[in-house]
Amino acid sequence: MADCYPYRIATRKGVLTLIWRPGEGDARDELAVDGLGRLLAFHDLKTLQEYCDQKGWDLVREGAATLDLGVVRQWVEHLGLGSAQAGLLLDAWNFFDDLSHSLKADPPLPSRGSIQDSAYEKIFGGEALGPTTGEGAWTGEETAAVRELLRAGLALWEEAVHGSGTG
């Protein structure tokens, strides 16, 4: 098994830590789930470490990331908020994509089309929402598509946490 990394998720209710595993070769990145396909989430690192030890998984703690879903939710729900850190939205997009595939979500996140692909390329390349991005800024359609995707991701997260194998 590849190394596992703690991935901290900050929400209105506190912080949960998940187990993120990078895909090897062409395999997708994934979040660890239990035998019933439920997301594994831990309230503290001690319990997380004990779980990984029990499974024989190597937990790499250096550079542990934290994703603040509260800020993401605020941007999604308040249409007047034009600016947000591109890196935060990119991290959320990638997290929700990994979450969707790890849970084998049905329905999955909105399917990606040319509008989402264009928005992703812009956000991947830099500050898609900055006031001085000019032609690199998202169009109204792209912004709406990103909000739709992140809204679906937040709903998937809520569903996953309520049915998770929280440690």
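The paragraphs below set out a description of the structure included in this document.

## Structural notes on the overall build of the chain
Within the chain, the regular secondary structure consists of five helices and five strands. Taken from N to C terminus, the helices and strands of the chain fall in the order β-β-β-β-α-β-α-α-α-α. Out of the 167 residues in the chain, the part that is buried amounts to 41%. For the chain, contacts bridging at least 24 residues in sequence account for 63% of all contacts bridging at least 6. For the chain, the exposed surface amounts to about 9,100 Å²; the carbon and sulfur share of it is 50%.

## Considering the packing of helix α2 (residues 69–77) against helix α5 (residues 140–162)
Where α2 meets α5, the axes come as close as 9 Å, and the angle between the chain directions of the two elements is 135°. The angle between α2 and α5 falls in the class oblique. The element α2 and its partner α5 pack so that their crossing is left-handed. Across the interface between the two elements, Leu 69, Val 72, Arg 73, Trp 75 and Val 76 of α2 pack against Thr 143, Val 146, Arg 147, Leu 150, Arg 151, Leu 154, Trp 157 and Glu 158 of α5. Within the contact of α2 with α5, the residues separate by chemical class into eight nonpolar, one polar and four charged.

## So, the pattern of salt bridges
Counted according to the given criterion, the structure contains seven salt bridges. The residue Glu 30 makes a salt bridge to Arg 21 at a minimum N-O spacing of 2.9 Å. Shared partners join several salt bridges into a network, and the residues in it are Arg 73, Glu 77 and Glu 158.

Cut-offs and rules
- Residues numbered from 1 in each chain as written.
- Predicted model: local features only at pLDDT ≥ 70, side-chain atom pairs only at ≥ 80, totals over all residues.
- Heavy atoms only, no water.
- Helix = DSSP H or I, 4+ residues; strand = E, 2+ residues; numbered from the N terminus.
- Buried < 20%, exposed > 50% of the residue type's maximum accessible area, 1.4 Å probe, protein only.
- Contact = heavy atoms within 4.5 Å.
- Areas by Shrake-Rupley, 256 points an atom, 1.4 Å probe, with all protein chains shown as cover.
- Axes fitted to C-alpha atoms, helices over the stretch in contact; angles between N-to-C directions.
- Parallel < 35°, antiparallel > 145°, perpendicular 65-115°, else oblique.
- Left-handed = near helix turned anticlockwise from the far one by under 90°.
- Nonpolar A, V, L, I, M, F, W, Y, C, P; charged D, E, K, R; others polar.
- Salt bridge = Lys/Arg side-chain N within 4 Å of Asp/Glu carboxyl O.

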